[in-house]
Protein chains: 2
Amino acid sequence: MRARLLEATVDLLVERGFAGTSTTLVSERAGVSRGAQLHHFPTKNDLVVAAVEHLTERRGAELAAAFDTLSAEPVATATGRRTRLRSVVTMLGDHFASPVFAAALELWVAARTDPALLAAVAPLEQRVGREAHRMTAAALGADESRPGVRELVQATLDLVRGLGLASTISDDSARRRRILREWADVLDKELG
Amino acid sequence: MRARLLEATVDLLVERGFAGTSTTLVSERAGVSRGAQLHHFPTKNDLVVAAVEHLTERRGAELAAAFDTLSAEPVATATGRRTRLRSVVTMLGDHFASPVFAAALELWVAARTDPALLAAVAPLEQRVGREAHRMTAAALGADESRPGVRELVQATLDLVRGLGLASTISDDSARRRRILREWADVLDKELG
């Protein structure tokens, strides 16, 4: 029942945004009585903080699953390596344009002007950011002991975050693909 | 009086977010009577659409002013060119972490789940995006007739957008500077 309430909260964040997500709508969507909801989450803040944690786990799990779909075979040739880098950044671009990104975006922006929410969001965001960085560096085969490499891995994640934000205003998936293909080829040269 | 109301709207978007910006607060902040406000903007929607236009103009003007602060001297040496590219991307990074970016972010995210607002935001966003692209390409000295160059100019803007979004959750200006310095050096090689 707890999981149903948290999933309903995430769905409503995607569909109606933070301001449009009320506790009444959440209990309706989850098919849970108001009494049962109040038992699990006495206040809206309790529900939102739990939803932030739930969403963080879900983002981490979805990203890990997406990395798992990439071929684990070692890349032996230059062409194979380039193809691999393109797959990694395309996958990241898709992940940052997905519904969980939209839900996270709602929380980030609400947290910007809500100190209590920010206190819940900021440390989890740091954790998910570190995990995403670690997985991305590994998938790119990046040697972060070399100068500048760590910054380019970070830039890759900031780029897909920016592209994800742009995708909420207009469907620009074709533009995204062109940019990320070029980005992958730059990484190929710089990380090689 | 119209301008005062629009500036007050933008200030409140920065301070309280879209959901926290009410027409009552706007008239109070602007020091304008409710009657006078309703004369200029009969509905909240009228006020918001006008504020979107006002903010778009202000973003364009602030970005143009920031580009103007860059030295207009032609870059004769390799070192001069590298310094120039670093200045351009640092300036862009600062612009996308400024209050006008926060106000725009509030409108983008609210528009994601509000079709009427999206109809006002999307075409203006396209226009400001085209202008930012044109100014950035010129400042970088990018020859967009060469394959891949256009995509790298776009990637630069998407990167600073992503960095701007990250900066709303935590102050990461030191991280931003390191990433953008590295990116400038990559652009130096790729555009050269």
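Remember, it's a predicted structure, so these values are computed and weren't measured experimentally.

## Here we look at the overall build of chain A
1) Next: Within chain A, the secondary structure is distributed over nine helices and zero strands.
2) Next: The helix and strand sequence of chain A, counted from the amino end, reads α-α-α-α-α-α-α-α-α.
3) Next: For the C-alpha atoms alone, the extent of chain A along its principal axes is close to 60 × 35 × 30 Å.
4) Next: Here the analysis covers contacts within chain A between residues at least 6 apart in sequence; of these, 67% occur between residues at least 24 apart.
5) Next: Total accessible area on chain A stands at roughly 8,500 Å², and carbon and sulfur atoms take up 53% of it.

## Quick notes on the pattern of salt bridges
Where charged atoms from two side chains of opposite charge approach closely, those side chains can pair.
Residues and elements named next belong to chain A.
1) Next: Summed over all chains, the structure comprises 32 salt bridges over all chains.
2) Next: Close ionic contact of Arg29 with Glu15 constitutes a salt bridge, the shortest N to O distance being 2.8 Å. Of this pair, Arg29 sits in helix α2 (residues 23-30) while Glu15 sits in helix α1 (residues 2-16), and the two are 14 residues apart along the sequence.
3) Next: Arg29 gets classed as partly exposed once you look at its relative accessible area, which sits at 37%.

## Observations concerning the relation of the copies chain B and chain A
1) Next: The operation relating chain B to chain A is a screw motion whose rotation component is 180 degrees, with 0.0 Å of axial translation and a residual RMSD of 0.0 Å. Within this description, the copies of the chain are treated as partners about a two-fold rotation axis.
2) Next: Most of the interface of chain B is mirrored in chain A: 100% of its interface residues are interface residues there too.

## Some thoughts on the confidence of the model for chain A
1) Next: Taken over all residues, the pLDDT of chain A has a mean of 92, while the share at 70 or more is 98%.
2) Next: Confidence, expressed as mean pLDDT per element, reaches its minimum in chain A at helix α4 (residues 44-69) of chain A with 88 and its maximum at helix α8 (residues 149-167) of chain A with 97.

## A look at the packing of aromatic side chains
Residue and element names in this part refer to chain A.
1) Next: Applying the stated criterion across every chain yields a total of five aromatic pairs over all chains.
2) Next: Ring geometry for Phe96 versus Phe101: centroids 5.9 Å apart, planes at 55 degrees, classification tilted.
3) Next: Through a chain of ring-to-ring contacts, the aromatic side chains of Phe96, Phe101 and Trp108 assemble into a single cluster.
4) Next: Over the aromatic face of Phe18 sits the side chain of Lys44, whose NZ or CZ is 5.1 Å from the ring centroid.

## Side note on the UniProt feature "DNA-binding region" (unreviewed entry) in chain A
1) Next: Using the residue numbers shown here, the UniProt feature "DNA-binding region" (unreviewed entry) corresponds to residues 22-41 of chain A.
2) Next: Spanning residues 22-41 of chain A, this segment combines 75% helix with 0% strand, and its end C-alpha atoms are found 13 Å apart.

## Focus: the UniProt feature "domain: HTH tetR-type" (unreviewed entry) in chain A
1) Next: In the numbering used here, UniProt assigns the "domain: HTH tetR-type" (unreviewed entry) feature to residues 1-59 of chain A.
2) Next: Taken as a whole, residues 1-59 of chain A contains 78% helix and 0% strand, while its terminal C-alpha atoms sit 21 Å from one another.

Here is what the cut-offs are and how they apply
Residues numbered from 1 in each chain as written. Chains lettered and ligands numbered in written order. Predicted model: local features only at pLDDT ≥ 70, side-chain atom pairs only at ≥ 80, totals over all residues. Heavy atoms only, no water. Helix = DSSP H or I, 4+ residues; strand = E, 2+ residues; numbered from the N terminus. Contact = heavy atoms within 4.5 Å. Areas by Shrake-Rupley, 256 points an atom, 1.4 Å probe, with all protein chains shown as cover. Salt bridge = Lys/Arg side-chain N within 4 Å of Asp/Glu carboxyl O. Buried < 20%, exposed > 50% of the residue type's maximum accessible area, 1.4 Å probe, protein only. Least-squares fit on C-alpha atoms with pLDDT ≥ 70 in both. pLDDT = per-residue confidence, 0-100. Phe/Tyr/Trp six-rings, centres within 6.5 Å; stacked < 30°, edge-to-face > 60°. Lys NZ or Arg CZ within 6 Å of the ring centre and 35° of its normal. UniProt positions renumbered as here; feature names shortened; annotations may be inferred.

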